[in-house]
Amino acid sequence: MKKIETIQSAKLAVSPGPFSTAVKANGFLFLSGQVGIDQYGNLANDFDLEVRQIFKNIEAVLSEQKLTLDNIVSVTIYLKDMQNFKRLNDIYKTYFNGYYPTRTCIAVLELPLKANVELTITALTNN
């Protein structure tokens, strides 16, 4: 088994729980769930802005690892209101250039920090 490396990012808000920002293992990067909060802990005040902040957070961690959104192989989405599914998809597809990772979208009752959406990703590393 290869070494497991935990990753914390100064570009993200301090974790609200006992978990790593990401874990790198066996050629993959597993990113903990991201909600639409900026590095100061402020939640975006609109659904679309939340989704865009989530991608900004994901891109920040990926770039620290010299990766891009093209390295993502799987996405899990937790959505508080399925009425936002189309809005989510309209924004989501702008972040990928014709290549879409595998994806699961799950409706949930509630999310941490009063968020409306949370994404977690798995990316292929260059190691």
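That block above? That's the structure.
Parameters at a glance
Residues numbered from 1 in each chain as written. Predicted model: local features only at pLDDT ≥ 70, side-chain atom pairs only at ≥ 80, totals over all residues. Heavy atoms only, no water. Helix = DSSP H or I, 4+ residues; strand = E, 2+ residues; numbered from the N terminus. Rg over C-alpha atoms; globule rule 2.2 N^0.38 Å. Buried < 20%, exposed > 50% of the residue type's maximum accessible area, 1.4 Å probe, protein only. Contact = heavy atoms within 4.5 Å. Areas by Shrake-Rupley, 256 points an atom, 1.4 Å probe, with all protein chains shown as cover. Lys, Arg positive; Asp, Glu negative; His and termini not counted. Charge placed at Lys NZ, Arg CZ, Asp CG, Glu CD. Pairing = 2+ DSSP bridges. Axes fitted to C-alpha atoms, helices over the stretch in contact; angles between N-to-C directions. Parallel < 35°, antiparallel > 145°, perpendicular 65-115°, else oblique. Left-handed = near helix turned anticlockwise from the far one by under 90°. Nonpolar A, V, L, I, M, F, W, Y, C, P; charged D, E, K, R; others polar.

(A) Molecular detail of the overall build of the protein chain. Looking only at helices and strands, the protein chain features two helices and six strands. Here the C-alpha radius of gyration of the protein chain, 14 Å, is about what a compact globule of 127 residues would show, namely 14 Å. For the protein chain, the spread of C-alpha atoms along the three principal axes comes to 40 × 35 × 20 Å. The buried share among the 127 residues of the protein chain stands at 42%. Restricting to contacts in the protein chain with at least 6 residues of sequence separation, those with at least 24 account for 70%. Approximately 7,300 Å² of the protein chain is accessible, and the part contributed by carbon and sulfur atoms is 53%. If the 13 positive side-chain charges of the protein chain are averaged to one point and the 12 negative ones to another, these points end up 5 Å apart.

(B) Layout of the sheet that holds strand β5 (residues 102–107). Overall, mixed pairing links the six strands, which are arranged β1-β2-β3-β6-β4-β5 in an open sheet. Each having just a single partner strand, β1 (5–7) and β5 make up the two edges of the open sheet. Sheet twist, expressed as the mean angle between neighbouring strand axes with direction ignored, is 15 degrees. Of the pairings in the sheet, the one linking strand β4 (residues 72–79) to strand β6 (residues 117–124) comprises seven bridges and is antiparallel in character. Bridge assignment links L79 to a residue of β6, and that residue is V117. On top of the sheet, helix α1 (residues 47–64) reaches β2 (22–25), β3 (28–34), β4 and β6; it is set at about 25 degrees to β6, its chief contact.

(C) Quick peek at the packing of α1 against helix α2 (residues 85–92). Packing of α1 against α2 leaves a shortest axis separation of 10 Å and a crossing angle of 40 degrees. As far as their axial angle goes, α2 and α1 are oblique. Pair α1 / α2 crosses with right-handed handedness. Counted together, F47, D48, V51, R52 and F55 of α1 and R87, L88, I91 and Y92 of α2 form the full contact between these two elements. Across the contact of α1 with α2, the residue classes tally to six nonpolar, no polar and three charged.

(D) Quick look at unusual backbone geometry. The phi dihedral of N26 is positive, around 50 degrees, even though this residue is not glycine. For L113, which is not glycine, the phi dihedral falls at a positive 60 degrees. Of note, L113 is situated in the loop between β5 and β6.

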